[in-house]
Every structure is written in structure tokens, then in C-alpha cells.
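# Notes for the structure review
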Amino acid sequence: MSLVTLLPFIVLIGAMFLMTRSAKKKQNAAAQMRNEMQPGTGVRTIGGMYATVKEVNEETVLLDAGPGVDLLFAKNAIGAVLGDDEYNRIVHGIEHDLKSDESVVPDDASSLTGTDEPVDTSDDKAIDLGKKDAADEPVAEPVVEPTVQPVVEPADEPAAAEPKKTDAADLKKSDGESDTK
């Protein structure tokens, strides 16, 4: 076998090795994160529940989900260990403002003019944003184009003529057979 025929197999094995290696790294990082859990830290389970760690055992974790609600989870069910600021922001809605030392920018344009009085931005002409009634609008009459009727000419035969009788022989002729047999 030549190197050209073995090259696709070598590339495939190399890709499989790299994928399993990155998966092992992720598993080790998750296991290390779970082992570093301490009582009092906030966690998110893989099901999306936020709780506080109450007790950590070898294979299980006791979580405090609320007043009087203690839940026992497997360690593998912990999806993420959250920092105090992130846990308080998500669960309690408490924002830790890191930019509290900076000046507050007002919502209006008064900071641009240097005055504290509001700027009058109204125009002399009012804009009507409401719907107009159908009765207020002029109704356009529909354009009717004349239609052409086909001209029917009277038949050459009289109206009392009997319909043609067809027999089986005539029917056979119609599908391509000849009179001679």
C-alpha cells in the first residue's frame, strides 16, 4: 500500500484523537469544578435550577433551593458553579454596579445644552398618526372593461335533425383500423 491510500485513514485517526482529547479536557474541567464546590456557593443544575450548596458529599450534593426546601442531587447534575455576584444577579435580581464612581449621563439632551430646563421640540404643525375613517376617503369607482362575447352562428342542419347513430364498426375505425380486413 502506498502513502496516498493510507493518508485518509491517518487523517481520520488524527481527527478522532483530537476530538477525544478535547472531550477529556472538558470532562476533567467539569469534574474539577464540581470537586471545588463549597457550602454556601451558588450553583446551576443541568436542569436549569439555581440553588445554594448546603453540603457536599462524595457522590452527592445537598442543595438549598428555598426556605425549607433541601434537595439531594448527584454531583454530575451540577452544570455550573456560579460566583457570588452572578448568583445574586440571577436569583435575587441584585445588580452589583461596578461603574458607581462614574458620573450619571442624563436621558435627555440637557447635558448638551448646558441647561437643566427641558428643550421644547414641538413643531407648529401637529402630525396626525391615527387611522383615517373609510368614509373620509374618496372612493374610486372600479373600471369595468367591456367583455367580448363569442358569436354563435346557427348550424347548417335543422334543429329537428336526429342525432347520428354510431355502431361498433364506426367506433373501431376511429382508433386507426382500416375498412379492409
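For the structure itself, look to the data block above.
Everything in this summary refers to the structure shown in the same document. Note that this is a predicted model, so its numbers are computed, not measured.

Inspection of the sheet shows strand E1 (residues 42-45) paired to strand E2 (residues 50-56) by 3 bridges, in the antiparallel sense. Bridge pairing in E2 places Arg 44 opposite Tyr 50. Linking E1 to E2, which pair antiparallel, is a turn of 4 residues; within it Gly 48 sits at a positive phi near 95°. Pairing geometry for E2 and strand E3 (residues 60-66), over 4 bridges, is antiparallel. Looking at E3, one finds that Val 53 is bridged to Leu 63.

Taken together, the side chains of Leu 3, Leu 6, Phe 9 and Ile 10 present a nonpolar region at the surface, about 410 Å² in accessible area. Relative to the assigned elements, Leu 3 resides in helix H1 (residues 3-35). Overall, the relative accessible area of 63% leaves Leu 3 in the exposed class.

This brings us to the side chain of Arg 34. As for its position among the elements, Arg 34 is in helix H1. There is no salt bridge for the buried Arg 34, and the closest opposite charge comes from Glu 59, which lies 9.9 Å off by N-O distance. A polar atom in the side chain of Arg 34 sits 3.4 Å from the backbone oxygen of Asn 76. If near-sequence neighbours (up to four positions away) are discounted, Arg 34 is found in contact with Lys 75, Asn 76 and Ile 78.

Procedures and definitions
Residues numbered from 1 in each chain as written. Predicted model: local features only at pLDDT ≥ 70, side-chain atom pairs only at ≥ 80, totals over all residues. Heavy atoms only, no water. Pairing = 2+ DSSP bridges. Helix = DSSP H or I, 4+ residues; strand = E, 2+ residues; numbered from the N terminus. Patch = residues over 30% accessible without salt bridge, like charges linked within 9 Å, V, L, I, M, F, W, Y side chains within 5 Å. Areas by Shrake-Rupley, 256 points an atom, 1.4 Å probe, with all protein chains shown as cover. Salt bridge = Lys/Arg side-chain N within 4 Å of Asp/Glu carboxyl O. Buried < 20%, exposed > 50% of the residue type's maximum accessible area, 1.4 Å probe, protein only. Lys, Arg positive; Asp, Glu negative; His and termini not counted. Polar contact = N/O pair within 3.5 Å; in protein donor to acceptor, adjacent residues only side chain to side chain. Contact = heavy atoms within 4.5 Å.

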